[in-house]
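Here's the letter readout for the chains.
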Amino acid sequence: MTDTGNDDGNTMGDFVVVTSEAGGAFCNEFRHLTFMTDVTNEGRPQSVATAQVPASEGGFCDKGGRFGPHATNEEFGPPFYQKLVFVSYFNAGVRAFHVRDPYNPTNVAFFIPRATSNTDFRCGPYQGNPNVCRQVVQTNNVATDDRGFIYIVDRADAELHLLRLTGEAKEIVEGKQ
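Visitor: I'd like a rundown of the environment of Val108, residues and numbers included.
Guide: Mapping Val108 onto the fold places it in strand E7 (residues 106–111). It is 5.8 Å that separates the C-alpha atoms of Val108 and Ala96, two residues lying 12 residues apart in sequence.

Visitor: Kindly report on the pairing of strand E5 (residues 84–90), identifying the contributing residues and their values.
Guide: For a regular strand, the rule is simple: side chains alternate between the two faces of the sheet. Of all the 7 residues making up E5, 7 are buried; the element is thus mostly covered by neighbouring parts of the structure. When strand E4 (residues 67–72) meets E5, the two strands line up antiparallel, connected through 3 bridges. Bridging from a neighbouring strand, Phe67 pairs with Phe90 of E5. In this structure, E5 lies alongside strand E6 (residues 94–98), joined through 5 bridges in antiparallel fashion. Bridge assignment links Phe86 to a residue of E6, and that residue is Ala96. In sequence, E5 turns back onto E6 through a hairpin of 3 residues, with Gly93 there showing a positive phi of about 70 degrees.

Visitor: Describe the nonpolar core, and please don't skip the residues or the numbers.
Guide: One finds Phe80, Leu84, Phe86, Ile150 and Leu165 to be the most contacted residues of the largest nonpolar core, which totals 15 residues. Put simply, the parts of the chain that give this core at least two residues each are E5, E6, E7, strand E11 (150–154) and helix H2 (167–173). Considering each element in turn, this core owes the most residues, 3 residues, to H2. Once residues within four sequence positions are removed from consideration, Phe86 is found in contact with Ala71, Thr72, Asn73, Phe80, Val94, Arg95, Ala96, Val142, Thr144, Ile150 and Leu165. If you look at the next biggest cluster of nonpolar residues, it comprises 13 residues, including Met36, Ala51, Phe97 and Val99.

Visitor: So what about the side chain of His98? Which residues, and what values?
Guide: Structurally, His98 is set in strand E6. Not counting chain neighbours up to four residues away, the residues in contact with His98 comprise Lys83, Leu84, Asn104, Pro105, Thr106, Val108 and Ile172.

Visitor: Which residues make up the state of the cysteines, and what are the values?
Guide: If you walk through the whole model with that rule in mind, you get 2 disulfides. With its sulfur 2.0 Å from that of its partner, Cys27 forms a disulfide with Cys61. Looking along the S-S bond of the Cys27-Cys61 disulfide, the torsion reads about -85 degrees, which is the left-handed sense. In this pair, Cys27 sits in the loop between strand E1 (15–19) and strand E2 (34–38) while Cys61 sits in helix H1 (residues 60–63), placing the two residues 34 residues apart along the sequence. With a relative accessible area of 30%, Cys27 lands in the partly exposed category. Residue pairing for Cys123: its cysteine sulfur links by disulfide to Cys133, the two sulfurs lying 1.9 Å apart. In this structure, the disulfide formed by Cys123 and Cys133 twists by about 110 degrees around the S-S bond and is classed as right-handed. Taken together, the residues Cys123 in strand E8 (residues 121–126) and Cys133 in strand E9 (residues 129–135) connect sequence positions 10 residues apart. Cysteine pairing for the protein, with bonded cysteines counted in sequence order: 1-2, 3-4.

Visitor: Any chance you could break down the pattern of salt bridges for me, citing the residues and the numbers?
Guide: What the rule picks out here adds up to 5 salt bridges. A salt bridge links Arg155 to Glu21; the shortest N-O distance between them is 3.9 Å. You can see Arg155 sitting in the loop between E11 and strand E12 (160–163) and its partner Glu21 sitting in the loop between E1 and E2, a full 134 residues away along the chain. In this structure Arg155 comes out as partly exposed when scored by relative accessible area, which is 31%. Look at Glu21 and you get partly exposed, because its relative accessible area is 37%. For Asp145, the salt bridge goes to Arg147, with nearest N and O atoms at 2.7 Å. What makes Asp145 buried here is its relative accessible area of 15%. By relative accessible area, Arg147 is classed as exposed at 51%. Each of Glu21, Arg66 and Arg155 takes part in salt bridges that share partners, so that together they form one network.

The rules behind these values
Residues numbered from 1 in each chain as written. Predicted model: local features only at pLDDT ≥ 70, side-chain atom pairs only at ≥ 80, totals over all residues. Heavy atoms only, no water. Helix = DSSP H or I, 4+ residues; strand = E, 2+ residues; numbered from the N terminus. Buried < 20%, exposed > 50% of the residue type's maximum accessible area, 1.4 Å probe, protein only. Pairing = 2+ DSSP bridges. Core = buried A, V, L, I, M, F, W, Y, C linked by side-chain atoms within 4.5 Å. Contact = heavy atoms within 4.5 Å. Disulfide = S-S within 2.5 Å. Salt bridge = Lys/Arg side-chain N within 4 Å of Asp/Glu carboxyl O.

What follows is the structure, encoded as C-alpha cells:
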C-alpha cells in the first residue's frame, strides 16, 4: 500500500464521490461501486470507502436491465451538503447514502419506481438464454434542490419522480441525528 499523505487522522478533508457506471444486463458484468475518495491532496487521491447495495437485497440481478450505480446528485448546498449523497442505481432506484463519516457511508433511504405500461424492455443474456427481455425501471439521473426535493428520471420511460425524505434520512438532514 502506498502512503498518499492524505490520512493524518482527521476526517475533515476534501472528499469526492465517484461512481463506476454499471453496464450490461442481469449483472453480466463485473460489480460496479460508488467510491468515497479523499482528494485533500489533489495529486494523490485515495479511495477510502465504498457505498454499495447488495444485489441479493432485492433480487436485482434477476429483474433485468442494469443494476448498479449510474450517477450522483451534482448539486452542492443545503439541505443535503455533507450529509447525504444520492446515487441513481438503475433497477434499484435511487439511494441516499449518509456521508458525514466518509470512511463509513451508509444507505439510509431508497425509492424504487414501478414499471409502467410505458416502460421499455431491457434485454440481455440470462441463465443460458442469449436474449431475455424484461420491462424494468432504469433510474438514470438524480437531482436535488434547496427545498429538500429529490428528482429522479428513468431512461426506460418509467417517468419523472419527485421525492421527499422521511424517517432516518429526514432526521439526518434536519440535524436530529
